[in-house]
Amino acid sequence: MPLITLRQALDAARQGGYGIGAFNVTDLVQVEAVLEAASEKSAPVIVQTIVGASAFRSDELFWEAMLGAVARYPEVPAVVHLDHGPDERSCERALAAGFSSVMIDGSVDHETKLPRSFEANIEITASVVAKARKLGVSVEGELGTIGGAESDGTPTTEIILADPAEAEEFVARTGVDALAVAIGTSHGAYKFTSPPDGSVLHMNLIEEIASRVPGTHLVMHGSSSLPADIREEINRVGGELPESWGVPEDEKARSTKLGVTKINQGMDSHMAYMAGLRGHLAQDRLTVDPAPAQKRGADRMRAIIAERMDVFGQAGHAEDHEWVPFGAAGM
Ligand code: 13P
């Protein structure tokens, strides 16, 4: 089975009343961890990566390997998705590589880090949709800006919440399959300085936007929970991660009942991976062999992703749908 499109995966999720986790990966060991979790949980899954986010000099080399790994898990219906495509050229590269889904993040000009105008966002998004459609590839756009923080805690963009009326117009004029809506979440390992409440996470916006764009899927970005126990574990073996709160598990589960079908999560699995890696290195101070440390990291990553698959509801849904492989019958 198959590489499938985002549209197909999310349509099935909506039909089945569940959400699908989109897990960020930066190397092949992590790709395998995601696919292992999906196989173990019999779940459809979205594997996603950002341009330049891996240690590979060539994105294309890594992307090819991602697609090759997916082909080795015939029991897992998997979407291979470009996360936060910063410009049209990046999306074109992912299309050429064979990805079944791309995101064009037209909400921000990635050079200046300033928000793009609504019209400029529509223009770039519609242009990517036109190119992707010819290949049967799904497209995710973004409205509003999701906060983000660099590792030193400096915000890269301010949070601008998505506007429901604009969402309706954006979808009508671009034809995106999925829409990332800024509802107050924030990317990265340093999010909120206290547990987020309704003044931070605007969950009501999801429902309002979903009712206006019934044919489009909503995506919650910045959904990591930043588990305190993993942070403490990392700090016990040399890390210095400051206290920070993410999106509570029950809010993510609730979002899937309000209209979210794609839940983006990178930091939780990266924290788990690093806890395993650092834990191994701290225990075995004589080692010069990277593989056992990476294996321990991957195993921790697999475990947390499998847990999240239960929370999002995708577990157990790999076999209850007739998946059409990407490229067949325009899917
Ligand atoms: P986190 O930074 O919360 O893991 O979210 C990842 C994400 O939204 C990628 O697009």
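This text follows the structure it describes.
Residues numbered from 1 in each chain as written. Predicted model: local features only at pLDDT ≥ 70, side-chain atom pairs only at ≥ 80, totals over all residues. Heavy atoms only, no water.

Draft legend 1. Representation of the overall build of the chain in the model. Scanning the chain for helices and strands turns up eleven helices and 13 strands. The C-alpha atoms of the chain give 19 Å as radius of gyration, which agrees with the globular expectation for 331 residues (20 Å, within 12%). Along the first, second and third principal axes, the C-alpha set of the chain runs to 60 × 45 × 35 Å. When the 331 residues of the chain are sorted by exposure, 52% land in the buried category. In the chain, 75% of the contacts between residues at least 6 apart in sequence involve partners at least 24 apart. Of the roughly 13700 Å² that the chain leaves accessible, carbon and sulfur atoms contribute 52%. Between the centroid of the 28 positive side chains of the chain and the centroid of its 48 negative side chains there is a distance of 3 Å. (Helix = DSSP H or I, 4+ residues; strand = E, 2+ residues; numbered from the N terminus. Rg over C-alpha atoms; globule rule 2.2 N^0.38 Å. Buried < 20%, exposed > 50% of the residue type's maximum accessible area, 1.4 Å probe, protein only. Contact = heavy atoms within 4.5 Å. Areas by Shrake-Rupley, 256 points an atom, 1.4 Å probe, with all protein chains shown as cover. Lys, Arg positive; Asp, Glu negative; His and termini not counted. Charge placed at Lys NZ, Arg CZ, Asp CG, Glu CD.)

Draft legend 2. Representation of the site of the ligand. In the neighbourhood of the ligand, 15 residues make up the surrounding shell, with Lys191, Gly222, Ser224, Gly266 and Met267 lying closest. In the environment of the ligand, an oxygen atom lies 3.2 Å from a nitrogen or oxygen atom belonging to the side chain of His187. Backbone polar atom of Gly266 to an oxygen atom of the ligand: 2.6 Å apart, as the coordinates give it. Within the complex, the protein chains bury 96% of what would otherwise be the 310 Å² of accessible surface of the ligand. Every element with two or more residues in the shell around the ligand is listed here: β3 (78-85) and β13 (260-265). Classifying every residue of the shell around the ligand by side-chain character gives one nonpolar, twelve polar and two charged. (Near = heavy atom within 4 Å. Polar contact = N/O pair within 3.5 Å; in protein donor to acceptor, adjacent residues only side chain to side chain. Nonpolar A, V, L, I, M, F, W, Y, C, P; charged D, E, K, R; others polar.)

Draft legend 3. Here's a closer look at the packing of aromatic side chains. In the structure shown here, the tally under the stated rule is four aromatic pairs. Their ring planes at 55° and their centres at 5.1 Å tell us that Trp63 and Phe99 sit as a pair that is tilted. Of this pair, Trp63 sits in helix α3 (residues 59-71) while Phe99 is found in the loop between α4 (88-97) and β4 (101-104), placing the two residues 36 residues apart along the sequence. Given a relative accessible area of 0%, Trp63 falls into the buried group. A residue is classified by how much of its surface remains accessible, and Phe99, at 0% relative accessible area, is buried. (Phe/Tyr/Trp six-rings, centres within 6.5 Å; stacked < 30°, edge-to-face > 60°.)

Draft legend 4. Highlighting the packing of α4 against helix α5 (residues 118-135). Axis separation between α4 and α5 bottoms out at 10 Å; the angle between their running directions is 10°. Viewed along their axes, α4 and α5 adopt a mutual orientation that is roughly parallel. Together, Glu88, Cys91, Glu92 and Leu95 of α4 and Ile124, Ser127, Val128, Lys131, Ala132 and Leu135 of α5 make up the contact between the two elements. Among the residues forming the contact of α4 with α5, the class breakdown is six nonpolar, one polar and three charged. (Axes fitted to C-alpha atoms, helices over the stretch in contact; angles between N-to-C directions. Parallel < 35°, antiparallel > 145°, perpendicular 65-115°, else oblique.)

Draft legend 5. Local environment of helix α8 (residues 228-236). Those residues of α8 that sit buried are Ile230, Arg231 and Ile234. Here the buried residues of α8 occupy an arc of 105° about the axis, which is enough to place them on one side. In α8, the exposed positions that point more than 90 degrees away from the buried face belong to Asp229 and Arg236. Phi turns positive, to about 110°, at Gly238, one or two residues after α8. (Arc of directions from axis to C-beta.)

Draft legend 6. The arrangement of a negative patch on the surface in detail. On the surface, Asp229, Glu232, Glu243 and Glu307 cluster together into a negatively charged patch. Tracing the chain through its elements places Glu232 in helix α8. (Patch = residues over 30% accessible without salt bridge, like charges linked within 9 Å, V, L, I, M, F, W, Y side chains within 5 Å. Salt bridge = Lys/Arg side-chain N within 4 Å of Asp/Glu carboxyl O.)

Draft legend 7. Structural context of the pattern of salt bridges. For the structure on display, the rule yields 21 salt bridges. Its salt-bridge partner being Arg300, residue Glu233 comes within 2.6 Å of it at the nearest N-O pair. Pair noted here: Glu233 is in helix α8 and Arg300 is in helix α11 (residues 290-312), with a separation of 67 residues, a long-range link. Residue Glu233 is classed as partly exposed on the basis of its relative accessible area, which comes to 23%. Look at Arg300 and you get partly exposed, because its relative accessible area is 27%. Here Lys252 ties to Asp268 by a salt bridge, and the two come within 3.7 Å at their closest N and O atoms. In this pair, Lys252 sits in helix α9 (residues 249-258) while Asp268 sits in helix α10 (residues 267-283), placing the two residues 16 residues apart along the sequence. Accessibility classification places Lys252 together with Asp268 in one group, the buried group.

Draft legend 8. Broad picture of the nonpolar core. One finds Leu35, Val45 and Met66 to be the most contacted residues of the largest nonpolar core, which totals 75 residues. Broken down by element, this core gets its largest block of residues, eight residues, from α11. Setting aside chain neighbours within four positions, we find Val45 in contact with Ile20, Gly21, Phe23, Val34, Leu35, Ala38, Val76, Pro77, Ala78, Val79, Met309 and Gln314. Residues Ala9, Val79, Ile146 and Ala182 belong to the second largest nonpolar core, which totals 18 residues. (Core = buried A, V, L, I, M, F, W, Y, C linked by side-chain atoms within 4.5 Å.)

Draft legend 9. Local environment of the sheet that holds β4. Around the barrel, eight strands lie side by side as β1-β2-β3-β4-β7-β10-β12-β13; this closed barrel has parallel pairing. The sheet shows a mean angle of 25° between the axes of neighbouring strands, taken without regard to direction. With four bridges connecting them, strand β7 (residues 138-143) and strand β10 (residues 178-181) associate as parallel partners. Pairing of Glu140 across the sheet is with Ala178, part of β10. Relative to the sheet, helix α6 (residues 164-174) contacts β7 and β10, its axis offset from that of β7 by approximately 150°. Across the sheet, helix α7 (residues 203-212) lies against β10, β12 (217-220) and β13, angled at about 155° from β12, the strand it touches most. (Pairing = 2+ DSSP bridges.)

Note that all results are geometric; they support no functional claim without further evidence.
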